[in-house]
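Topology and contacts: notes
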Amino acid sequence: MMEASRPLDALNNARDKSVIVELKNGKQFIGNLKAFDIHINVVLDNAEERVDGEVKRKLGVVFLRGDTIILISPA
Amino acid sequence: MMEASRPLDALNNARDKSVIVELKNGKQFIGNLKAFDIHINVVLDNAEERVDGEVKRKLGVVFLRGDTIILISPA
Amino acid sequence: MMEASRPLDALNNARDKSVIVELKNGKQFIGNLKAFDIHINVVLDNAEERVDGEVKRKLGVVFLRGDTIILISPA
Amino acid sequence: MMEASRPLDALNNARDKSVIVELKNGKQFIGNLKAFDIHINVVLDNAEERVDGEVKRKLGVVFLRGDTIILISPA
Amino acid sequence: MMEASRPLDALNNARDKSVIVELKNGKQFIGNLKAFDIHINVVLDNAEERVDGEVKRKLGVVFLRGDTIILISPA
Amino acid sequence: MMEASRPLDALNNARDKSVIVELKNGKQFIGNLKAFDIHINVVLDNAEERVDGEVKRKLGVVFLRGDTIILISPA
Amino acid sequence: MMEASRPLDALNNARDKSVIVELKNGKQFIGNLKAFDIHINVVLDNAEERVDGEVKRKLGVVFLRGDTIILISPA
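Residues numbered from 1 in each chain as written. Chains lettered and ligands numbered in written order. Predicted model: local features only at pLDDT ≥ 70, side-chain atom pairs only at ≥ 80, totals over all residues. Heavy atoms only, no water.

Digging into the pattern of salt bridges
Residue and element names in this part refer to chain A.
- By the definition in use, this model includes 73 salt bridges over all chains.
- Between Asp16 and Lys34 there is a salt bridge; the shortest N-O distance is 2.9 Å. Here the residue Asp16 occupies a position in the loop between helix H1 (7-13) and strand E1 (18-23), and Lys34 occupies one in strand E2 (residues 28-36), the gap between them amounting to 18 residues.
- On the basis of relative accessible area, Lys34 is assigned to the buried category, the value being 17%.
- With a shortest N-O distance of 2.9 Å, Arg65 and Asp67 are connected by a salt bridge. For the pair Arg65 and Asp67, one class covers both residues: buried. (Salt bridge = Lys/Arg side-chain N within 4 Å of Asp/Glu carboxyl O. Helix = DSSP H or I, 4+ residues; strand = E, 2+ residues; numbered from the N terminus. Buried < 20%, exposed > 50% of the residue type's maximum accessible area, 1.4 Å probe, protein only.)

Structure follows, in structure tokens:
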């Protein structure tokens, strides 16, 4: 996710890599970034929901709607 | 929902399969994904609302408005 | 509302039939689906507001603004 | 407001008639529907704000912004 | 603000007249309506913020962003 | 900010002048209005955040996202 | 971020410089501004989340979705 001049370039650089996604409701999801679009809708693979660093549940593939997302960062 | 390059491709791969849909108000719906659109409006068939893993009610077909949805994942 | 490939097709199949509409504020309205549009603005006829299965009030015709709606399902 | 195939047709049928408008903040306004647009911005004439069926204040003409509206129904 | 067929016509009829503007956060502003646009962004002149009918502060000219506005009515 | 027929004209008249900007979260910023756009994104220079009339912090230049803004008024 | 006539010019002037970004949920992120777009989606490098001036966690690169942002200012 380095040296990007547009925000979506940064997401593109993170494709197929492990990322953390934090939602407006405080939930954290960690998984491999498989897909995203201009709305910041995101698909993670091998995804886990974590609370305070503990795995709360394993979700496998998960689609996260963009307008619920606060941040995306390499995990 | 694997190997998708765009988020909606992932939803397309889940069509006619069982998915869990979680809403901003904390509710969970499980059913077969029959339809979706770019707003992430979703139609489930054989849908159930669940609370803590228990079936709260059976809804049959249900239309869920996209802007209330947080995540969609195979059930 | 069966066999629809797009979410609005499902609403179209429910036209003139009894549906339940649930709003973000927790209110439930039941009535015959007379009209809807792409914003999911909805018009019900013979509409009732219900709380815990009890009729709270009868409204006759009611226009419900789409962005307040969580779900629509056959009643 | 009967026999409308599109939601705005239903509003058009209510033009110059008494309607109740309920807002997201729980307030109710009753008045004659003078105008509306695709955003569901609404103008009422001879409008009153009511709380529990009691008139709280008389407003005369009032413009209500569409995104604050939950429902519109004949009064 | 009488006899308008579109909501913005009603605002246009109120131009240069005293109006009350109520916001989603419960605040009330009273002033002369100098300008508005399709987003219902509004400019008042000789504006006051009032709480329970009392003047809380005088603002002179104030720009109010449309998406914070619930209603506009002649003062 | 006088004699404007469109709301953004009023902002244009305030350019390079001291304004107060109030946000939906209750915060107040005071500074010279350097730039704005149709989303009401705003840039202030020599900006201060104030609470109850007291300076809470000095920010220098600050970009404020439009959808967080309630009002803008000469300071 | 000085002498900008449009808000995004101010962000452009801050590119590759240290900025503070404050979110609607009260969180603060500090890092080098690497990218932004018209939605105010932002990418920071060498980013830290801070609470009351203390570093809460280091994130490296972080994508922040624009609609969660309140303000951006040089750090």
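Topic: the pairing of strand E5 (residues 69-74) of chain E
- Judged by how many residues are buried, E5 of chain E sits mostly within the fold: five of six residues are covered.
- As paired elements, strand E4 (residues 54-64) of chain D and E5 of chain E share two bridges and run antiparallel to each other. Bridging across to E5 of chain E, Leu64 of chain D finds its partner in Leu71 of chain E.
- Strand direction decides the pairing type here: strand E1 (residues 18-23) of chain E and E5 of chain E, joined by five bridges, are antiparallel. Of the residues in E5 of chain E, the one forming a bridge with Leu23 of chain E is Ile69 of chain E. (Pairing = 2+ DSSP bridges.)

A look at the arrangement of the chains
- At the level of C-alpha atoms, the two units chain B and chain D stay apart, their nearest approach being 14 Å.
- A minimum C-alpha distance of 14 Å separates chain D and chain F, which share no contact. (Contact = heavy atoms within 4.5 Å.)

A word on the interface of chain A and chain G
- The interface of chain A with chain G comprises 22 residues on the first partner and 22 residues on the second.
- Across the contact surface, chain A and chain G share three salt bridges.
- Linking Lys24 of chain A and Asp67 of chain G is a salt bridge whose minimum nitrogen-to-oxygen distance equals 2.8 Å.
- The interface formed by chain A and chain G holds nine residue pairs in polar contact (both at pLDDT 80 or more) in total.
- Counting only elements with at least two residues in the side of chain A that touches chain G, the list comes to H1 and strand E5 (69-74) of chain A.
- Take the side of chain A that touches chain G: its biggest share by element is six residues, from E5 of chain A. (Polar contact = N/O pair within 3.5 Å; in protein donor to acceptor, adjacent residues only side chain to side chain.)

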